[in-house]
Structure formats: C-alpha cells, structure tokens
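Understanding the architecture of this molecule
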Amino acid sequence: MSPIDDGREGPVGDPVHGSDHAGLMRAALAEARLAVDHGDVPVGALVVVGGRIVARRHNEREHLGDPTAHAEMLAVRDAAAAVGSWRLTGATVVVTLEPCPMCAGALQQARIDTVVYGAADPKAGACGSLYNLAVDPRLNHEFAVVSGVLADECGELLTAFFASRR
C-alpha cells in the first residue's frame, strides 16, 4: 500500500505512533472544521491502517446533496480504495462524533477493528449511546470502541456550529 498525500495539513500517509488517540482526534477535528466551509455539520473522520492514515474526510451531505455523505462513510470508501479491498481488517476509524446506525453498519460491514470517537450522540449514536452495533452478537462482526477522546473539544465544535445557525 502506498501512502496517499492529499495536500492537507498532516497528510494522509502520515505514520501514527502507537495508539495516540488524542493526536489522531486532533487531526479528525481539523478535518471536521473543513465541513463548515460548505455548510455541513462539522464531523471529521480518519482511517488508520498499518500505522498510517490512509483516509481522512469530513461531512459533505450539503456539499454533495447526498444523505449518505457522512465523514465515516466517505473515509471508509477512500480507505477501501487506498488499500484495494473493502475488507478493512486491522483498521481503526477515528471520528469526532459517535457513529450513527448507518455509519456503524458500514464500519461493521468493512470489518473495522476499532472505532475511536469523541462526542457521544445520545439521539443517534450506534456505538453505545442509543444502540450498540459494535458488539451485537447477532451480527457477523464486532469491533472495539474507545469513546470520549477529546469529547469536550468535539462537542464544543458541534455546539458552536449549531448556535451559529440559530
């Protein structure tokens, strides 16, 4: 797999040192801030495979007019293309907001190993808050969840966005 450099600060392909969840979440927050430029809810996601960031995206529902254009969905699509397989076994997804049922289902289908998220989503969270698709034994794959990483910063970004729209 060759690293991808999309020209953004902290390019895709940057090596990840150990399990630096806070450092990765800071990169996801930087990505989330890009969503505001086109009126999207500021959520950012990265996919780490083999110690390298292979994909990073932010919400683009408004920008693309696509209800499935959540940060996680876009990042997983890019990661699958980067590694040449839809099976992302061994991958970690870092996202600023707890994945919704659609995204958690996609992460489960992609065979993600771990999801690290910042702010919990009590209204639509599907990795422990409202649902828990990560560890549902009725499904064919389970993944680990690390919650609350830089939760305050992630939540503040969302709160400021929604306050500005009122």
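Residues numbered from 1 in each chain as written. Predicted model: local features only at pLDDT ≥ 70, side-chain atom pairs only at ≥ 80, totals over all residues. Heavy atoms only, no water.

**Things to note about the pattern of salt bridges**
Two side chains carrying opposite charge are able to pair once their charged atoms lie near each other. Enumeration over the complete set of coordinates arrives at three salt bridges. A salt bridge links Arg57 to Glu60; the shortest N-O distance between them is 3.1 Å. Notably, a salt bridge pairs Arg57 with Asp78, separated by 2.8 Å at the nearest N-O pair. Of the two residues, Arg57 sits in strand β2 (residues 52-58) while Asp78 sits in helix α3 (residues 71-83), which places them 21 residues apart along the sequence. Residues participating in the shared-partner salt-bridge network are Arg57, Glu60 and Asp78. (Salt bridge = Lys/Arg side-chain N within 4 Å of Asp/Glu carboxyl O. Helix = DSSP H or I, 4+ residues; strand = E, 2+ residues; numbered from the N terminus.)

**Overview of the confidence of the model for the protein chain**
Residues with a pLDDT of 70 or more make up 89% of the protein chain, whose mean pLDDT is 91. The model gives residues 1-11 a pLDDT under 50, and that stretch makes 23 contacts with residues more than four places away or in other chains. (pLDDT = per-residue confidence, 0-100. Contact = heavy atoms within 4.5 Å.)

**Observations regarding α3**
For α3, with 13 residues, the first-to-last C-alpha span of 18 Å sits near the 18 Å given by 1.5 Å per residue. For α3, every residue scored as buried is listed here: Ala71, Glu72, Met73, Leu74, Ala75, Val76, Ala79, Ala80 and Ala82. In this structure, the buried residues of α3 make contact with β1 (44-49), β2, β3 (92-97) and α4 (101-109). A positive phi of about 80 degrees marks Gly84, the residue just after α3. (Expected span 1.5 Å × (residues − 1). Buried < 20%, exposed > 50% of the residue type's maximum accessible area, 1.4 Å probe, protein only.)

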